[in-house]
Amino acid sequence: MKSKTIIILLLSVLCAVAMPLHAQKKVLNQARDYIKSGQNLEKAESLLREQLKDSARRCDTKIWEMLVESITAQYDKGNESLYLKQKYDTLALFSTTRKLFSVMESMDSVDARPDEDGIVGLKFRQKHARYLRSIMPNLFYGGVFLVNKQKYDDAYEYFDHFISLPKLPLYSVLNIDSTSKMMVSAAYWTMYCGFKLNSPSMIMKHRELARRDTSQLAFVFQYEAVAQKLSHDTASYVRTLHEGFAKYPKFPYFFPCLEEYYNSTEQYDSALAIADRALAIDSANDVYRYAKSTALLNSGHYKECIAICKDLLAKNADFADANYNAGLAYFNMAVALDKVRQASRSKRRTMMGYYREALPYLEKYRTLAPDAEANWLSPLYTIYLNLNMGEKFDEIDKLRHEYKRNHK
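First, a word on what this report is: a plain description of the structure on this page. (Residues numbered from 1 in each chain as written. Predicted model: local features only at pLDDT ≥ 70, side-chain atom pairs only at ≥ 80, totals over all residues. Heavy atoms only, no water.)

### Details of the overall build of the protein
Next up, step 1: Scanning the protein from terminus to terminus reveals 19 helices and zero strands.
Next up, step 2: Its C-alpha radius of gyration of 36 Å places the protein more than 25% over the 22 Å reference for a compact globule of 408 residues.
Next up, step 3: Projected onto its principal axes, the C-alpha coordinates of the protein cover approximately 130 × 50 × 45 Å.
Next up, step 4: Among the 408 residues that make up the protein, the fraction classed as buried is 42%. (Helix = DSSP H or I, 4+ residues; strand = E, 2+ residues; numbered from the N terminus. Rg over C-alpha atoms; globule rule 2.2 N^0.38 Å. Buried < 20%, exposed > 50% of the residue type's maximum accessible area, 1.4 Å probe, protein only.)

### Regarding the side chain of His-128
Next up, step 1: Structurally, His-128 can be placed in helix α5 (residues 125-148).
Next up, step 2: Judged by relative accessible area, which is 5%, His-128 ranks as buried.
Next up, step 3: Among residues more than four places away in sequence, those in contact with His-128 are Val-68, Met-104, Met-107 and Leu-170. (Contact = heavy atoms within 4.5 Å.)

### A look at the pattern of salt bridges
Next up, step 1: For the coordinates displayed, the defined rule picks out 18 salt bridges.
Next up, step 2: Its salt-bridge partner being Arg-49, residue Glu-45 comes within 2.9 Å of it at the nearest N-O pair. Within this pair, Glu-45 and its partner Arg-49 are both found in helix α2 (residues 41-52), separated by four residues, close to a single helical turn.
Next up, step 3: Assessed through its relative accessible area of 34%, Arg-49 is described here as partly exposed.
Next up, step 4: Notably, a salt bridge pairs Asp-318 with Lys-364, separated by 2.9 Å at the nearest N-O pair. You can see Asp-318 sitting in the loop between α15 (302-315) and α16 (320-338) and its partner Lys-364 sitting in helix α17 (residues 345-368), a full 46 residues away along the chain.
Next up, step 5: What you see here is one network of salt bridges that share partners, running through Arg-207, Glu-208, Arg-211, Glu-224 and Glu-243. (Salt bridge = Lys/Arg side-chain N within 4 Å of Asp/Glu carboxyl O.)

### Some details on the packing of aromatic side chains
Next up, step 1: Applying the stated rule across the entire model yields 24 aromatic pairs.
Next up, step 2: Aromatic side chains Tyr-188 and Tyr-223 sit 6.0 Å apart centroid to centroid with 35° between the ring planes, which places their arrangement in the tilted category. Taken together, the positions of Tyr-188 in helix α7 (residues 181-196) and Tyr-223 in helix α10 (residues 217-230) put the pair 35 residues apart, joining distant regions of the chain. Like Tyr-188, the residue Tyr-223 is buried in the burial classification.
Next up, step 3: Across the ring face of Tyr-158, the terminal group of Arg-98 is positioned such that the distance to the ring centre comes to 5.5 Å.
Next up, step 4: When the ring centre of Tyr-381 is taken as reference, the NZ or CZ atom of Arg-400 above it lies at 3.9 Å. (Phe/Tyr/Trp six-rings, centres within 6.5 Å; stacked < 30°, edge-to-face > 60°. Lys NZ or Arg CZ within 6 Å of the ring centre and 35° of its normal.)

### A few points about the packing of helix α3 (residues 61-83) against helix α4 (residues 90-111)
Next up, step 1: Running from amino to carboxyl end, α3 crosses α4 at an angle of 160°, the nearest separation of the two axes being 9 Å. Accordingly, the angle class assigned to the pair α3 and α4 is roughly antiparallel. In this structure, α3 crosses over α4, and the sense of that crossing is left-handed. Together, Thr-61, Trp-64, Glu-65, Leu-67, Val-68, Ile-71, Thr-72, Gln-74, Tyr-75, Gly-78, Asn-79 and Leu-82 of α3 and Thr-90, Leu-93, Thr-96, Thr-97, Lys-99, Leu-100, Val-103, Met-104, Ser-106, Met-107 and Val-110 of α4 make up the contact between the two elements. (Axes fitted to C-alpha atoms, helices over the stretch in contact; angles between N-to-C directions. Parallel < 35°, antiparallel > 145°, perpendicular 65-115°, else oblique. Left-handed = near helix turned anticlockwise from the far one by under 90°.)

### A look at the environment of Gly-143
Next up, step 1: Inspection of the secondary structure assignment puts Gly-143 in helix α5.
Next up, step 2: Residues Gly-143 and Asp-282, 139 residues apart in the sequence, show an inter-C-alpha distance of 39 Å.
Next up, step 3: Filtering out sequence-adjacent residues up to four positions away, Gly-143 remains in contact with Ala-155, Tyr-158 and Phe-159.

### As for the environment of Val-27
Next up, step 1: Along the chain, the position of Val-27 falls in helix α1 (residues 2-37).
Next up, step 2: Here the alpha-carbon distance between Val-27 and His-407, two residues 380 residues apart in the chain, equals 69 Å.
Next up, step 3: Setting aside residues no more than four positions away along its own chain, Val-27 makes contact with Leu-47 and Gln-51.

### Observations concerning unusual backbone geometry
In most cases, non-glycine residues show a negative phi, while peptide bonds are predominantly trans.
Next up, step 1: Even without being glycine, Gln-150 reaches a positive phi, approximately 60°.
Next up, step 2: Even without a glycine there, the phi angle at Glu-266 is positive, about 60°.
Next up, step 3: Structurally, Glu-266 is set in the loop between α12 (254-264) and α13 (268-281).
Next up, step 4: Looking at Glu-266, the relative accessible area reads 58%, which means it is exposed.

### Concerning the packing of α7 against α10
Next up, step 1: Between α7 and α10, whose axes approach to 10 Å, the crossing angle comes to 40°. With respect to α10, the element α7 is oriented oblique. The two elements α7 and α10 cross, and the hand of that crossing is left-handed. Facing Tyr-188, Met-191, Tyr-192 and Phe-195 of α7, the residues of α10 in contact are Phe-219, Val-220, Gln-222, Tyr-223, Glu-224 and Val-226.
Next up, step 2: The residue inventory of the contact of α7 with α10, partitioned by class, reads eight nonpolar, one polar and one charged. (Nonpolar A, V, L, I, M, F, W, Y, C, P; charged D, E, K, R; others polar.)

So, to be careful, I would describe these as geometric facts and stop short of saying anything about function.
In structure tokens, the structure reads:
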């Protein structure tokens, strides 16, 4: 009885082992049939990936080979459809391209494992590396396609993967130029994607490589500056703005940002110096001239500010900010005299004259920028009060109370 019991137990153990092996063989045969038929290739891929989740089968190169075969067949099928101008999802082809790279790279790590004698055979590296080299541009163009679709997260992954290729063991058998034109362009696109996503880490990861793209270098500097500003690295931000301005003084980003930074931090001499550098390059540029008027206004050089603004307004009377700077310069001169205790009658007349000079500019500014109440409410209130303009004062006083109520 004991021997029969032992035999039954042994048979039970053998069956327990045989059943999973039989089930595995059935799954692999099913996947192989799918691949041979050229149909249900995605199902074959799914079955094989499920097998590789099992730690006991993760290093089975036969399963990896079948997985590569199933994805390659998907790629070839999509490529053929595009070649024949048949309806096909272009994004699906690029997605399959990315899967091919990822799967072959993962398989290479299995292929590179030493055998029981400590020998590394590398049966697949040459074959896979050469194949992927032939379709490598599609990884780059997949990123471009996704940028055009505004899928910046996904696009970044494609470009980042493309740039990583020369560093991966699989491609060590090839001579991939890590600074080729396409690699440099991919680095630029990673910066662009990072810029669109407000991600400093994405912007900065490949910036050194991107700087080789001289055709886009002005934008590279801009994206760097944006990343540094987002990271609150003020010193680097200002340094990059200066570097960009030195190389591309007419590029529309660096000059305004430098002026804004120096004016906001009350470094008015620096703001003036930048404006003068810009005007030395293009003395007729109204943007540069307006910027200088702002720096002059902020530093208390009111009459010089007014002179520039009058020139600007002679060309364009509806230049809102020039009207504001001129009006505020006159207004500030009046306020300075108003603060003087026991001012002489002559100074009082001069003060009132400045208020009158400021009035048309600030009223014009109000007309051109009605939503900028924070800029024109207080000066006009003071002017109407001092010039004893009853109806206008009543109207502005009411607006002022409403503004204060709404902005508590």
